Amino acid sequence: MGQQDVWRLLTRFSSFKRTSIILQHLRMSAHIDAAGEVLLERKGCAGVITMNRPKHLNALTLSMIRQIYPQLKKWEQDPETFLIIIKGSGGKAFCAGGDIKAISEAKKAKQNLSQDFFREEYILNNAIASCQKPYVALIDGITMGGGVGVSVHGRFRVATERSLFAMPETGIGLFPDVGGGYFLPRLQGKLGYFLALTGFRLKGRDMHTAGIATHFVDSEKLHMLEEDLLSLKSPSEENIADVLEAYHAEQSMMDRGKSFILEEHMDKINRCFSANTVEQIIENLRQDGSPFAIEQLKVINRMSPTSLKITLRQLMEGSSKTLQEVLTMEYRLTQACMGGHDFHEGVRAVLIDKDQSPKWKPADLKEVTDEDLNRYFKSLGSNDLKF
């Protein structure tokens, strides 16, 4: 072999080696990016979950769920872990929901993401509800959909003046899932039905008044609250509750004395949303005729007719079911919605084209029959959700 041949081989080897190193770095980078979506740390007496997609408002991905669930179960069994804290990064959102755009695109490509995502998300929701360790959600910022699922089922939920809660799913051809059929009908009066059908937003202290949050703390004190929780020595649930109560009792001047945003409308809400059909709720709002009622009529008329009917039945049935029964029902509903038109059209109109003008099919409530609804609520047999 001549000197030139040896040089060519060395050059090729060097090029191959460089390519290998670059590919290795890319693989490591991809792994770090995926792992970086959620941070799982032991700090002091606690396991701390930080949802870490601030540019995407910490929207929940399947990868995040698959990291959170096993760690939650490990901490639950760990005698050195006394509580679990979950929070979001970036200061703008706790978690703005599930990554529904990716779910819609995957379904169109005939991939199984929608099955895996909802199944594993709901199993995580149930694990949070049944967690044997105190679970503290610091719900600072936007909290919708999937973000509600990883907070509202926990023992402690701390809102701040920056918190914003909504379940806006009827506007994207879905329904208020993640156990919405369980916790929403259990709110005061018909408040949960109103929130579910209209997607109305609650902010700050109103989340505590409504029962979504268990405590309210100024956002500027949230870091101190977390530090005080982490510094507890072998705390009991009562010790944790005492710290949260102490911060909650330090009433800030912010919104002090301000009445609940819906207080003056609760009689109307209870009266109008107590009907057993969406058509009757609409008629009740028409008959009421107040500016508030007229505004809610406008909102409801923009929603998916199919989603409205699914949601009302979901809440009515969920009001007497266990959380696991509700999550199983909701899993059936998600899979039926994935096979329909409105969810993908809602995602297109709100998140892709952003024209805010979805074309629902059917477009009229009268065209959504009981037979149609029964198909959505039908058991999936061996493919049903199992805990």
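These lines cover the structure that appears in this document, whether it is placed above or below. Because the structure is a prediction, the values reported are computed rather than measured.

**Some remarks on the packing of helix α7 (residues 191-198) against helix α14 (residues 305-318)**
- Between α7 and α14, the shortest axis-to-axis distance is 10 Å and the interhelical angle comes to 155 degrees. Here α14 runs roughly antiparallel to α7, going by the angle between their axes. Handedness of the crossing formed by α7 with α14: right-handed. Between α7 and α14, the residues in contact are Gly192, Tyr193, Ala196 and Leu197 and Leu308, Thr311, Leu312, Leu315 and Met316, respectively.
- Taken together, the residues that form the contact of α7 with α14 break down as 7 nonpolar, 2 polar and no charged.

**Looking at the pattern of salt bridges**
- As enumerated under the stated definition, the model contains 22 salt bridges in all.
- Salt-bridge contacts for Arg162 lead to Asp140; the nearest nitrogen and oxygen are separated by 2.4 Å. Taken together, the residues span a long stretch of sequence, with Arg162 in the loop between β7 (156-159) and β8 (164-166) and Asp140 in the loop between β5 (135-139) and β6 (142-144) at a distance of 22 residues.
- The buried category is assigned to Asp140, whose relative accessible area is 10%.

**Some details on α14**
- Over its 14 residues, α14 runs 20 Å from end to end, which matches the ideal 20 Å to within 8%, given 1.5 Å per residue.
- All buried positions along α14 are accounted for by Pro305, Thr306, Ser307, Leu308, Lys309, Ile310, Thr311, Leu312, Gln314, Leu315 and Gly318.

Basis of the calculations
Residues numbered from 1 in each chain as written. Predicted model: local features only at pLDDT ≥ 70, side-chain atom pairs only at ≥ 80, totals over all residues. Heavy atoms only, no water. Axes fitted to C-alpha atoms, helices over the stretch in contact; angles between N-to-C directions. Helix = DSSP H or I, 4+ residues; strand = E, 2+ residues; numbered from the N terminus. Parallel < 35°, antiparallel > 145°, perpendicular 65-115°, else oblique. Left-handed = near helix turned anticlockwise from the far one by under 90°. Contact = heavy atoms within 4.5 Å. Nonpolar A, V, L, I, M, F, W, Y, C, P; charged D, E, K, R; others polar. Salt bridge = Lys/Arg side-chain N within 4 Å of Asp/Glu carboxyl O. Buried < 20%, exposed > 50% of the residue type's maximum accessible area, 1.4 Å probe, protein only. Expected span 1.5 Å × (residues − 1).

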